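# Analysis of the macromolecular model
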Amino acid sequence: MIETSKEPVLIFLFGATGDLARRKLYSALYRLYKRDQEFAVIGLARRAHTDETYRDLINDSLPSEVGQRQHFLERFYYRRLDITRPENFATLKSFSDELNERYQLKGNRIFYLSLAPAYFAEAAKNLKKSGLSTTSGWKRLVIEKPFGHDLKSSKELNESLLHAFSEEEIFRIDHYLGKEMVQNIEVLRFANPIFEAIWNRRYISNVQITLSETLGVGDRANYYDQTGALLDMVQNHIMQLLTLIAMEPPTQLETDDLRYEKVKVLKAIRPMNIHNIAEEIVRGQYTRGISPKREKMRAYLNEDNVRSDSDTETFVASRFQIDNYRWQGVPFYVRTGKRMAEKATQIVIQFRKLPKNPYFHNVNHVGPNLLVIYISPDEGLSLKLNVKANGEAGSNTVPISLKFRNNELAMENMQDAYERLIADCIKGDSTNFTRWDEVLYSWGIIDSIVDSCKKRHVPIDYYEAGSMGPSTADELLEKHGHHWWPIMHME
Ligand SMILES: NC(=O)C1=CN([C@@H]2O[C@H](COP(=O)(O)OP(=O)(O)OC[C@H]3O[C@@H](n4cnc5c(N)ncnc54)[C@H](OP(=O)(O)O)[C@@H]3O)[C@@H](O)[C@H]2O)C=CC1
Ligand SMILES: O=C1O[C@H](COP(=O)(O)O)[C@@H](O)[C@H](O)[C@H]1O
């Protein structure tokens, strides 16, 4: 049983009618409620709702098997609010004091900004101006991604937030850091001395990080068409996974020890420039295609609210190089995209070949050792080895996999990413949230890509919806003597 702090809290949920709230946040709050977390929620957005119709909306967002809904729903209240109107914030003050008394919430407050990023700074400013962020308990600001749209805007955003909240009170959420197997990377690496010995350029040939999605842009084109895969997925989730794989062992597992090590990796990633960009990155966009379920899928350009001449990338593949002792010369290949053949998040660590292959007569090819970290939908690990083929001559080998799989029952009872991160926020534990300097250095790398792509006019390569991306993404690895490992499965 996972321990959550029982500190009660009043949650101000901005963007209460939005996609993220409906798809993830209400079910995460339900699970926290089931673990006896005490809270009340004021849902905030512009459209008209009464408390009752808001509770209906939440009810509809919960999975069908959820029981005991009524008591859970009763702690949700709705107030109409436009972020751009400070007077709307002022009217919340007496209501929040009333809820604080009614539910004995000790003045503790979380302001969760599940909003378009353009509103983050204004929301923080109005929270301060209205006095809502002054409270007798603790206060925390949870801020969704993306944190700015480039280095300059992220610095401006951070400065505005700091007028109302301190760095310790700002929880920049990256839901990948709440995933079970992402949190397991640190344990796998630092609790197993056998890996520490070989986790470096002498034994590792390359690292491959894949975040593939089958979904298209859906109804989020207003956001996505301005953003693209590089900013939506690489700047945050992929950079975080890469730093967890590449960081040095921290001396302790305290919040800042881990984050310092992650920042060191980000500082060592080689920025892109106009001379190398065309070699290091592939930008793709999906055309129409057929889904694995044989359904027709539209091209990105035909999706609702996408500009008809949009050159937004829905796929990115790139090679990153880390200029430090441990990783010099080891490529970190990453790829992510919408409308790909399969939904999967996995990391493959490919070890170097034998220095000399004594099994060259072997009928089977002696493949490299692979450590695969399955993040989703499968959760587990596998280590690919070569062993003697049963009953055959000793020189004949077969590949086998040693596997660990999170068992399904355990997975059902496990916290999901949002639940775990909201619980951490209530506890005041920011280990799995992004510190400001992580954001800063990550934007530095992304800016170098965006600027170089513009100057070199890196084109969009088209891929059929339902495929694994454009063929140029394969060529990106082939020219370095590597290839993408297909998505692997645990069974
Ligand atoms: N959806 C997802 O899968 C993910 C989203 N995120 C991030 O979460 C955040 C929210 O995304 P998402 O839920 O998809 O966005 P949506 O567009 O679905 O929702 C936006 C919410 O903001 C409200 N809103 C819009 N304008 C105002 C305003 N002026 N004043 C007050 N409220 C306003 C909307 O309600 P109303 O129109 O009624 O005002 C709605 O509730 C974004 O930062 C996004 O990047 C992060 C990871 C995944
Ligand atoms: O942050 C985001 O993540 C989701 C993918 O998350 P996952 O947990 O389902 O892998 C992505 O669809 C969305 O575009 C992006 O904003």
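Positions within a chain are numbered from 1, following the residues in the order the chain's sequence is written. The naming scheme follows written order: chains are lettered A onward, ligands numbered 1 onward. The predicted nature of this model means local features are confined to residues of pLDDT at least 70 and side-chain atom pairs, given and counted, to a pLDDT of 80 or more, with totals for whole chains, interfaces and linings taken over all residues. Hydrogens and water are ignored here; the side-chain numbers use all heavy atoms of the structure.

The chain is annotated in an unreviewed UniProt entry as Glucose-6-phosphate 1-dehydrogenase of Sporolactobacillus terrae. UniProt positions are given in the numbering used here, feature names are shortened, and annotations may be inferred rather than shown by experiment. Taken directly from UniProt, the Catalytic activity (unreviewed entry) text for the chain runs: "D-glucose 6-phosphate + NADP(+) = 6-phospho-D-glucono-1,5-lactone + NADPH + H(+)". Annotation of the chain in UniProt includes, under Sequence similarities (unreviewed entry), the sentence "Belongs to the glucose-6-phosphate dehydrogenase family."

## Here we look at the site of ligand 2
Throughout, the term near means that a residue has one or more heavy atoms lying within 4 Å of the molecule or strand in question. Taken together, Lys145, His175, Tyr176, Lys179, Glu213, Arg220, Asp232, Met233, His237, Lys338 and Lys343 are the residues near ligand 2. Residues adjacent in sequence count toward polar contacts only when both atoms are side-chain atoms; beyond that, a polar contact is any pair of N or O atoms within 3.5 Å, and within protein one must be able to donate a hydrogen and the other to accept it. Lys338 has a polar side-chain atom sitting 2.8 Å from an oxygen atom of ligand 2. Per-residue accessibility takes into account occlusion by the displayed protein chains alone, with areas from the Shrake-Rupley method and a 1.4 Å probe. In isolation ligand 2 has 390 Å² of accessible area, and contact with the protein removes 85% of it. Classifying every residue of the shell around ligand 2 gives 2 nonpolar, 2 polar and 7 charged. Residue classes follow a fixed rule: Ala, Val, Leu, Ile, Met, Phe, Trp, Tyr, Cys and Pro count as nonpolar, while Asp, Glu, Lys and Arg count as charged, and any other residue, Gly among them, counts as polar.

## Focus on the pairing of strand 15 (residues 380-388)
Inspection of the sheet shows strand 14 (residues 370-376) paired to strand 15 by 5 bridges, in the antiparallel sense. Residue Val372 lies in a different strand from strand 15, and its bridge partner there is Ser382. With antiparallel pairing between neighbouring strands as the criterion, strand 14 and strand 15 make up a hairpin whose turn holds 3 residues. In this scheme, strands are said to pair when DSSP sees at least two bridges between them. Numbering of helices and strands runs from the N terminus, with a helix taken as a DSSP run of H or I at least four residues long and a strand as a DSSP run of E at least two residues long. Inspection of the sheet shows strand 15 paired to strand 16 (residues 397-405) by 9 bridges, in the antiparallel sense. Its bridge partner being in strand 16, Asn386 is matched across the sheet by Pro399.

## Overview of the UniProt feature "binding site: substrate" (unreviewed entry) in the chain
Mapped onto this structure's residue numbering, the UniProt feature "binding site: substrate" (unreviewed entry) falls at His175, Lys179, Glu213, Asp232, Lys338 and Lys343. Three exposure classes are used, based on accessible area relative to the maximum for each residue type with a 1.4 Å probe and protein chains only: buried under 20%, partly exposed in between, and exposed over 50%. A residue is classified by how much of its surface remains accessible, and Asp232, at 2% relative accessible area, is buried. Here, two residues are considered to be in contact whenever any of their heavy atoms come within 4.5 Å of each other. With residues near it in sequence (within four places) discarded, Asp232 still touches Lys145, Arg220, Tyr223, Tyr224, Thr227, His237 and Lys338. Position of Lys343 relative to the elements: it lies in the loop between strand 12 (332-337) and strand 13 (344-351).

## Section: helix 7 (residues 151-164)
One less than the number of residues in a helix, times 1.5 Å, gives the span that helix is expected to have. For helix 7, with 14 residues, the first-to-last C-alpha span of 21 Å sits near the 20 Å given by 1.5 Å per residue. Of all the positions in helix 7, only Ser153, Ser154, Leu157, Asn158, Leu161 and Ala164 are classed as buried. Viewed along the axis of helix 7, the buried residues span an arc of 135 degrees, placing them on a single side of the element. Residues of helix 7 that are exposed and angled more than 90 degrees away from the buried face: Lys152, Glu159 and His163. Working note: the arc is built from the helix axis to C-beta atom directions.

## Some details on the sheet that holds strand 2 (residues 39-45)
Strand order across the open sheet formed by 6 strands is 3-2-1-4-5-6, with parallel pairing between neighbours. Strands with a single pairing partner mark the edges of an open sheet, and in this sheet they are strand 3 (76-80) and strand 6 (170-172). Taken pair by pair, the neighbouring strands of this sheet meet at an average axis angle of 20 degrees, ignoring direction. In this sheet, strand 5 (residues 139-143) lies alongside strand 4 (residues 109-113) in parallel orientation, the contact comprising 5 bridges. In the sheet register, Leu113 faces strand 5, and the bridge partner there is Ile143. Every axis in this analysis is a line fitted to C-alpha atoms, fitted for helices over the stretch in contact. Angles between the N-to-C directions lie between 0 and 180 degrees.

## Some thoughts on the pattern of salt bridges
Opposite charge on two side chains permits pairing when their charged atoms draw close. We define a salt bridge as a contact between a side-chain nitrogen of Lys or Arg and a carboxyl oxygen of Asp or Glu at a distance within 4 Å. Under the definition given, this model contains 30 salt bridges. Between Asp232 and Lys145 there is a salt bridge, and its shortest N-O distance comes to 3.1 Å. Taken together, the residues span a long stretch of sequence, with Asp232 in helix 10 (residues 221-246) and Lys145 in the loop between strand 5 and helix 7 at a distance of 87 residues. The pair Asp232 / Lys145 is uniform in exposure class, with both members buried. Its salt-bridge partner being Arg270, residue Asp323 comes within 2.8 Å of it at the nearest N-O pair.

## Description of the packing of helix 8 (residues 180-190) against helix 10
Packing of helix 8 against helix 10 leaves a shortest axis separation of 9 Å and a crossing angle of 10 degrees. The angle between the axes of helix 8 and helix 10 places the two elements in the roughly parallel class. In terms of crossing hand, the pair formed by helix 8 and helix 10 is right-handed. Here helix 8 contributes Val182, Ile185 and Arg189 to the contact with helix 10, which in turn contributes Leu241, Leu244, Ile245 and Ala246. A per-class count over the contact of helix 8 with helix 10 returns 6 nonpolar, no polar and 1 charged. Here the word oblique covers every angle except those under 35 degrees (roughly parallel), over 145 (roughly antiparallel) and from 65 to 115 (roughly perpendicular). By definition, any crossing whose near helix is turned counterclockwise from its far helix by less than a right angle is left-handed, and any crossing with a clockwise turn is right-handed.

## As for helix 2 (residues 51-61)
All of the buried residues along helix 2 are Asp51, Tyr54, Arg55, Leu57, Ile58 and Ser61. The buried residues of helix 2 all sit within an arc of 155 degrees when viewed along its axis, so they share a single face. Opposite the buried face of helix 2, by more than 90 degrees, sit the exposed residues Glu52 and Asp60. Packed against the buried residues of helix 2 are strand 1 (9-14), helix 1 (19-34), strand 2, helix 3 (69-73) and strand 3.

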